[in-house]
Amino acid sequence: MPRIDLNADLGEGFGVWQLGDDDAMLKIVTSANVACGFHAGDPAGMLRVCRAATERGVRIGAQVSYRDLAGFGRRFIDVTAEDLRADVVYQIGALQAIARAAGSAVSYVKPHGALYNTIVTNGEQAAAVAEAVRLVDAALPVLGMAGSAFFSEATRLGLRTVAEAFADRAYRPDGGLVSRREPGAVLHDPAAIAERVVAMVSTGEVTAVDGSRLAVSVESVCVHGDSPGAVRIAAAVRAGLEAAGADIEAFS
């Protein structure tokens with residue numbers, strides 16, 4: 001079994017509204033995708049998560065998104081490339097300052113929600129996000145889907161790409177994720193999810209919703225911090241991978 005990183009979206013509360021159990025997840029994952037305030041998160045929460053991640057030796061990543069607090073970043077926005085590039089630069093820069101104040105640093109960048117899914121195929125937005133990362137720090141790896149337009153643009157610009165798979169999301173036959181609006185898009189059984197992740201990592205394949213087998217590249221596994229039972233799912237995934245002989249370590 002290879003070395004595997006576990007990442008989760010954290011810091012997604014806003015003011016008095018808390019989402020997920022960040023402290024519990026930080027005991028399990030090796031990389032924290034910290035919301036940067038555009039789809040979720042606020043400065044105090046970002047600093048709190050970064051401090052906790054630093055104490056536990058968890059890598060900090062900038063979870064960048066469309067400017068969409070009301071929709072939690074899950075709605076496509078037809079933003080211009082120029083504006084999207086600036087938005088991503090802004091978000092990374094904000095988290096860099098907060099991570100530095102917490103005694104750490106931003107180690108990678110991962111797009112969130114609708115932006116993540118859009119830049120699988122949308123070349124213009126993919127190029128804008130990749131260029132934003134390069135403008136801030138060309139040494140920052142980007143986390144995303146293998147074979148995506150985003151990875152093509154990132155590679156063109158000399159950025160390191162890190163392929164991830166999703167523990168608790170269903171896959172379409174074309175390799176994309178099933179929309180959250182469709183039934184069965186999000187998986188909930190910790191034991192079944194853990195078994196599925198071990199199979200993905202060990203075989204390089206995943207079963208799509210139609211029963212077909214898809215090839216997947218897996219350097220990091222995403223366990224969503226806002227899913228029901230997220231902590232139990234993440235713990236089961238980690239335990240399953242460790243039992244199968246995988247080393248759970250951050251990729252960066």
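A few points on the structure. These figures come from a predicted structure and were not determined experimentally. (Residues numbered from 1 in each chain as written. Predicted model: local features only at pLDDT ≥ 70, side-chain atom pairs only at ≥ 80, totals over all residues. Heavy atoms only, no water.)

1. Quick word on the state of the cysteines
Tallied over the full model, the rule gives 0 disulfides. Here Cys 36 stays free of any disulfide, with the sulfur of Cys 50 as its closest cysteine sulfur at 8.5 Å. Accessibility expressed as a relative area gives 0% for Cys 50, which makes it buried. (Disulfide = S-S within 2.5 Å. Buried < 20%, exposed > 50% of the residue type's maximum accessible area, 1.4 Å probe, protein only.)

2. Things to note about the nonpolar core
Generally speaking, soluble globular proteins have nonpolar side chains that are buried together. Judged by nonpolar contacts, the single largest core of 76 residues is most densely connected at Leu 95, Val 197, Val 237 and Leu 241. For this core, the element with the highest residue contribution is helix α3 (residues 81-101), accounting for 7 residues. Each residue touching Val 237, except ones within four places of it in the same chain, is listed here: Leu 6, Ala 167, Ile 193, Ala 194, Val 197 and Val 223. (Core = buried A, V, L, I, M, F, W, Y, C linked by side-chain atoms within 4.5 Å. Helix = DSSP H or I, 4+ residues; strand = E, 2+ residues; numbered from the N terminus. Contact = heavy atoms within 4.5 Å.)

3. Here we look at the packing of α3 against helix α5 (residues 123-136)
In the contact formed by α3 and α5, the axes pass within 8 Å of each other and the chain directions differ by 40°. By the angle between their directions, the pair α3 and α5 is classed as oblique. Where α3 crosses over α5, the two elements pack in a sense that is right-handed. Across from Ala 81, Leu 84, Arg 85, Val 88, Val 89, Ile 92 and Gln 96 in α3, the residues of α5 making contact are Glu 124, Gln 125, Ala 128, Val 129, Glu 131, Ala 132, Val 133, Leu 135 and Val 136. Considered class by class, the residues forming the contact of α3 with α5 number 11 nonpolar, 2 polar and 3 charged. (Axes fitted to C-alpha atoms, helices over the stretch in contact; angles between N-to-C directions. Parallel < 35°, antiparallel > 145°, perpendicular 65-115°, else oblique. Left-handed = near helix turned anticlockwise from the far one by under 90°. Nonpolar A, V, L, I, M, F, W, Y, C, P; charged D, E, K, R; others polar.)

4. Description of the pattern of salt bridges
For the coordinates displayed, the defined rule picks out 10 salt bridges. Taking the shortest distance from any N to any O, the salt bridge between Asp 9 and Lys 110 comes out at 3.9 Å. Of the two residues, Asp 9 sits in strand β1 (residues 3-10) while Lys 110 sits in strand β4 (residues 106-111), which places them 101 residues apart along the sequence. In this structure Lys 110 comes out as buried when scored by relative accessible area, which is 3%. Note that Asp 68 is salt-bridged to Arg 75, the shortest N-O span being 2.5 Å. (Salt bridge = Lys/Arg side-chain N within 4 Å of Asp/Glu carboxyl O.)

5. Side note on helix α2 (residues 43-56)
Over its 14 residues, α2 extends 20 Å from the first C-alpha to the last, a length consistent with the 20 Å expected when each residue adds 1.5 Å. Just beyond α2, the residue with positive phi is Gly 57, at close to 75°. (Expected span 1.5 Å × (residues − 1).)

6. Observations regarding a nonpolar patch on the surface
On the surface, Phe 14, Val 16, Trp 17 and Leu 69 cluster together into a nonpolar patch covering about 480 Å² of accessible area. Within the secondary structure, Trp 17 sits in the loop between β1 and α1 (22-25). (Patch = residues over 30% accessible without salt bridge, like charges linked within 9 Å, V, L, I, M, F, W, Y side chains within 5 Å. Areas by Shrake-Rupley, 256 points an atom, 1.4 Å probe, with all protein chains shown as cover.)

7. Looking at the packing of helix α7 (residues 190-203) against helix α8 (residues 230-243)
Contact geometry for α7 and α8: axes closest at 8 Å, N-to-C directions at 40°. Considering their axes alone, α7 and α8 lie oblique with respect to each other. Our pair here, α7 against α8, has a crossing hand that is right-handed. Of the residues in α8, those touching α7 at Pro 190, Ile 193, Ala 194, Val 197, Val 198 and Val 201 are Arg 232, Ile 233, Ala 236, Val 237, Gly 240 and Leu 241. Residues of the contact of α7 with α8, tallied by class, amount to 10 nonpolar, 1 polar and 1 charged.

By themselves these figures say nothing about function.
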